[in-house]
Amino acid sequence: MTHTLSDLPVGRYTVISVSENGPSDESKRDFLLRCPLFGFSPGAHVEILKKRSGAIIVRTPFGRFALGSALASLVCVSKEETL
Amino acid sequence: MSHCHGDNCGTYHLCHNTERKDKAPGSTDLPNEKSIIRAVLVGNPNCGKTTLFNALTGMRRRTANYPGVTVDSHSAVSEHNGRSVLLTDLPGAYSIERCNAEETITRDVIMTADEGARPDVIISILDATALPRGFALARELRASGIPTVTALNMIDIAERDGAKLNIGKISKYLGSPVIAVCARSGRGLPELMDELINATGNTGKRNRPAVKRRHISVDDPPPEWFWEKRGSSASGDLTDAADRIVTGRAAPFLFAALMLICGFVIFSLGGAAAGLSGKLIESFSGMLCGWLGSLGLPLPFLSLIEDGIMPGILGVISFLPQIALLFLALGLFEDCGYMSRIAFITDGFFSRIGLSGRAAVPMLLGFGCTVPAVLSTRTIRSRSERLRVIAAIPFISCGARLPVYMLISSIFFPGITSAVILILYTVGICTTAIVSGIGFDRKDKGSALFIELPDYRIPHLKSVFLYAADKVREFLTRASTVILLSSVIMWFIANIGPHGYCDTLSENSFAVIIGHVLSPLLSPIGLGSSAIALALIYGLVSKESIVSSLYVLYGVSAPIELGAALAADGITPNSAAAFLVFVLLYTPCAAAFAAICREASPRFAAKTAIFQLLLAFGMSGVVYIAYPIVYNGICFFLSLL
């Protein structure tokens, strides 16, 4: 079973895919196109460090990023701890 | 290597704000154009490009610890071993293949079809503390076919964390020479310049390479063999620990406390310093006027200096301590890494009005100056969001309005000056929030915040002081140019009429004649004074001009005299309150208007300016009418206590 980063609590996860869900807009398209540049690639390990009003701070192999709820919901991850 | 230091170093300097993507490094007119090497600095946001640019050229471009500080390209020439290198600092980019709107400036400079404008060499900058993130762009740059030299910046921090990088393997992987540098200390810079000249073949103007478009896969994680020894990530661990507090439950309180501390320091400490500097300036002005009087100069000339130029400029300059403290506070926020966290902390609030926390950064910059705040909205991806933020930014009280608030509230609301200013700032913030929510379609799409969070660092005090010093210099430059000119013009229209020289604001002066036309428009909000109407018009040139205009128009040189003159002109506390609200909300200065024209469109700028004017009129009217009711209510409440 997969979840998106917006559903999950603080913890470590593995990225399964980054895909569109719901209506697309400029920001989502931009993120979908460029997400590998920020370390959101299938198989990559990410860690949610903080959650706040739907927004998250997430650490990827490429750095630490703040993601709003709309973008966090695009990143599908496995629920199981893998690290 | 010879560095140049500022404008008087004798080295040719070029520093221009390249307006958008159409201006490439090759499009500048330079002496010995044929022998100059054109190099561009390219790298991820916040990897230290501008710090490196400053170190190589002796320039003082703005740097800070959050992504998206550089939104324009800037060029300057550096001399090294008898060779001139035109260095161009480009806005940060994560990719030139998959670029977004803000990165097109960088892409267009590198991928330009104009062969003459193409750079000779690229300095690809990698952050040594976040190596894998920069590889994708570095490989794309290498694939462009333009000779590339890689600079591993912030090597000192990586080494401090215990990391040991294998430069040879990185060089092999990227296919370009790699130099470890520290832009702040200057380490490795001569070697970088040597390598840069070598990369162009030492032949001056070479055959310019054709741009190759080749897609580079970024999905493969870079192998571990880039490190001989991995660092302890001590900086990252400290940042995580700090983030638990800074972005935790107490985050809004911490943010509010920081804002209040800044406000207290700026208004109380800065106010005391301003009072002292005001007295010094007043005594200096008195001495100078006495000396000028003893020279037996003609009366109109003396009046021009004593009643026009001196009070106009000095009245504004006396607020210098607050301006310096305001920009010091902003500089500290920007340099320590807190700015990006503000975007995260405020995201929940902004998402309710259809924006993301990213809007917080330009809005916070708006407390300093509207122009860079409007420019920094380029980092907001969605155009509709961006336009809403641009429309709202002018309602944030910029530093230029501070002298007006200080002067008027100290005259009419002594004892509660800081409280009045705090209320004005709060009204500005609330109006900004309401206006930026206009046009939001209420359908909850969630926040599209995306921002990189850099490690916290101890603010680099030199950078912070240089930033504040630059802003103070800008302020003084404006005082000695725009405000000087507007003071002289204001003196002429206040003292000259159709029949020649006359007393200040006499019925025959042009000021009163113009004021008679304008003042009926402002009478409904209690500002039916010719001088006030003219001062507000001068506020469209720059907001500080309002202070200088009031001094010049009333022919006074001290706040006490100005208070008496304003009272004699029918300005009461409630009309003073209406005046302050009008200054807060009405059309921004010419520079801010031009920035909005450029970033949105002239039509959008005109529409927002009209909206701001109408809103200012309406709100000031409400304040003018409601002031006695509120004031009496507060007095009644206090009497009960």
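Values in this document were obtained by computation on a predicted structure and should not be read as measured data.

A word on the packing of helix α19 (residues 482-495) of chain B against helix α22 (residues 545-554) of chain B
The description of two helices packed together rests on the angle between their axes and the distance between the axes. Residue and element names in this part refer to chain B. At a minimum axis distance of 9 Å, the contact between α19 and α22 shows a crossing angle of 30°. The orientation of α19 relative to α22 falls into the category roughly parallel. Note that α19 runs across α22; the crossing there is right-handed. Along the contact surface, α19 presents Ile483, Ser486, Ser487, Met490, Trp491 and Ala494, while α22 presents Ser545, Ser548, Ser549, Val552 and Leu553. Class assignment for the residues of the contact of α19 with α22 results in six nonpolar, five polar and no charged.

With respect to the pairing of strand β3 (residues 45-52) of chain A
Residues and elements named next belong to chain A. Alignment of strand β2 (residues 11-18) against β3, held across four bridges, turns out to be antiparallel. Its bridge partner being in β3, glycine 11 is matched across the sheet by isoleucine 48. Summarising the sheet, β3 and strand β4 (residues 55-60) pair through five bridges and their orientation is antiparallel. If you follow isoleucine 48 over to β4, its bridge partner there is valine 58. With antiparallel pairing between neighbouring strands as the criterion, β3 and β4 make up a hairpin whose turn holds two residues, including serine 53 at a positive phi of roughly 50°.

Here's the deal with the sheet that holds strand β5 (residues 63-67) of chain A
One open sheet holds the seven strands; their spatial order is β1(A)-β6(A)-β2(A)-β3(A)-β4(A)-β5(A)-β9(B), and the pairing between them is antiparallel. If you trace the sheet from one side to the other, it starts and ends with β1 (2-4) of chain A together with β9 (450-452) of chain B, each paired once. This sheet shows a mean twist of 40° between the axes of neighbouring strands, independent of strand direction.

Topic: the confidence of the model for chain A
On average, chain A scores 86 in pLDDT, and the residues at 70 or more come to 94%. For chain A, per-element mean pLDDT is lowest for β1(A), which scores 83, and highest for β4(A), which scores 92.

Overview of the pattern of salt bridges
Here the structure, examined in full by the defined rule, presents 19 salt bridges over all chains. Between Arg598(B) and Glu599(B) there is a salt bridge, with its nearest N and O atoms 3.8 Å apart. One continuous salt-bridge network, built from bridges that share partners, spans Arg12(A), Glu47(A), Arg59(A), Arg64(A), Asp240(B) and Asp455(B).

Section: α22(B)
All names here are of chain B. For α22, a buried count of ten out of ten residues is recorded, marking the element as mostly surrounded by other parts of the structure. If you check which residues of α22 are buried, you get Ser545, Ile546, Val547, Ser548, Ser549, Leu550, Tyr551, Val552, Leu553 and Tyr554. Two residues or fewer past α22, glycine 555 is found with a positive phi of approximately 60°.

Quick notes on helix α16 (residues 402-412) of chain B
Residues and elements named next belong to chain B. By the criterion of burial, α16 is predominantly enclosed, with ten of the eleven residues buried. Of all the positions in α16, only Leu402, Pro403, Val404, Tyr405, Met406, Leu407, Ile408, Ser409, Ile411 and Phe412 are classed as buried. Turning to α16, the residues buried within the fold contact α8 (251-294), α10 (320-336), α17 (417-437), α22, α23 (559-568) and α24 (573-585).

Some details on unusual backbone geometry
Residues and elements named next belong to chain B. For asparagine 46, which is not a glycine, the phi torsion comes out positive at approximately 65°. Position of asparagine 46 among the secondary structure elements: in the loop between β1 (37-43) and α1 (49-57). Of note in the backbone geometry, asparagine 81 takes a positive phi value of approximately 50° without being a glycine. Its place among the elements puts asparagine 81 in the loop between β2 (74-80) and β3 (83-89).

Let's talk about the sheet that holds β1(B)
Residues and elements named next belong to chain B. If you walk across this open sheet you meet the six strands as β2-β3-β1-β4-β5-β7, and the pairing is mixed. Sheet topology places β2 and β7 (178-180) at the edges, where each strand pairs with a single neighbour. For this sheet the average axis-to-axis angle between neighbouring strands, irrespective of direction, equals 25°. Two elements, β2 and β3, share seven bridges in a ladder whose sense is antiparallel. Paired with valine 77 across the bridge in β3 is leucine 86. In the packing of helix α5 (residues 167-174) onto the sheet, contacts are made with β4 (121-127), β5 (148-153) and β7, and the angle to β7 comes to roughly 145°.

A short note on the interface of chain B and chain A
Tallying the contact residues gives 41 residues for chain B and 31 residues for chain A. Both sides together, the interface formed by chain B and chain A hides about 3000 Å², and carbon and sulfur atoms give 58% of it. Its largest share of buried area at the contact with chain A, chain B owes to Arg98(B), Phe344(B) and Phe450(B), together 23% of the area lost on that side. At the boundary of chain B and chain A, one finds four salt bridges. When the shortest N-O distance is used, the salt bridge between Arg59(A) and Asp240(B) registers 2.5 Å. Taken together, the links from chain B to chain A amount to eight residue pairs in polar contact (both at pLDDT 80 or more).

Regarding the packing of aromatic side chains
The full count for this structure, using the stated rule, is 17 aromatic pairs over all chains. Seen from their ring centres, Phe38(A) and Phe65(A) are 5.5 Å apart, and the 65° between their planes marks the pair as edge-to-face. Of this pair, Phe38(A) sits in the loop between α1 (26-34) and β3 while Phe65(A) sits in strand β5; the two residues are 27 residues apart in sequence, bridging distant segments of the chain. Accessibility classification places Phe38(A) together with Phe65(A) in one group, the buried group. A network of ring pairs unites the aromatic residues Phe31(A), Phe38(A), Phe40(A), Phe65(A), Tyr94(B) and Phe450(B) as a single cluster. One Lys or Arg, Arg341(B), reaches over the ring of Tyr456(B) and ends 4.1 Å from the middle of that ring. Of note, Lys543(B) hangs over the ring of Tyr586(B), and the distance from its end group to the ring centre comes to 3.7 Å.

The rules behind the values
Residues numbered from 1 in each chain as written. Chains lettered and ligands numbered in written order. Predicted model: local features only at pLDDT ≥ 70, side-chain atom pairs only at ≥ 80, totals over all residues. Heavy atoms only, no water. Axes fitted to C-alpha atoms, helices over the stretch in contact; angles between N-to-C directions. Helix = DSSP H or I, 4+ residues; strand = E, 2+ residues; numbered from the N terminus. Parallel < 35°, antiparallel > 145°, perpendicular 65-115°, else oblique. Left-handed = near helix turned anticlockwise from the far one by under 90°. Contact = heavy atoms within 4.5 Å. Nonpolar A, V, L, I, M, F, W, Y, C, P; charged D, E, K, R; others polar. Pairing = 2+ DSSP bridges. pLDDT = per-residue confidence, 0-100. Salt bridge = Lys/Arg side-chain N within 4 Å of Asp/Glu carboxyl O. Buried < 20%, exposed > 50% of the residue type's maximum accessible area, 1.4 Å probe, protein only. Buried area = accessible area lost by both parts, 1.4 Å probe. Polar contact = N/O pair within 3.5 Å; in protein donor to acceptor, adjacent residues only side chain to side chain. Phe/Tyr/Trp six-rings, centres within 6.5 Å; stacked < 30°, edge-to-face > 60°. Lys NZ or Arg CZ within 6 Å of the ring centre and 35° of its normal.

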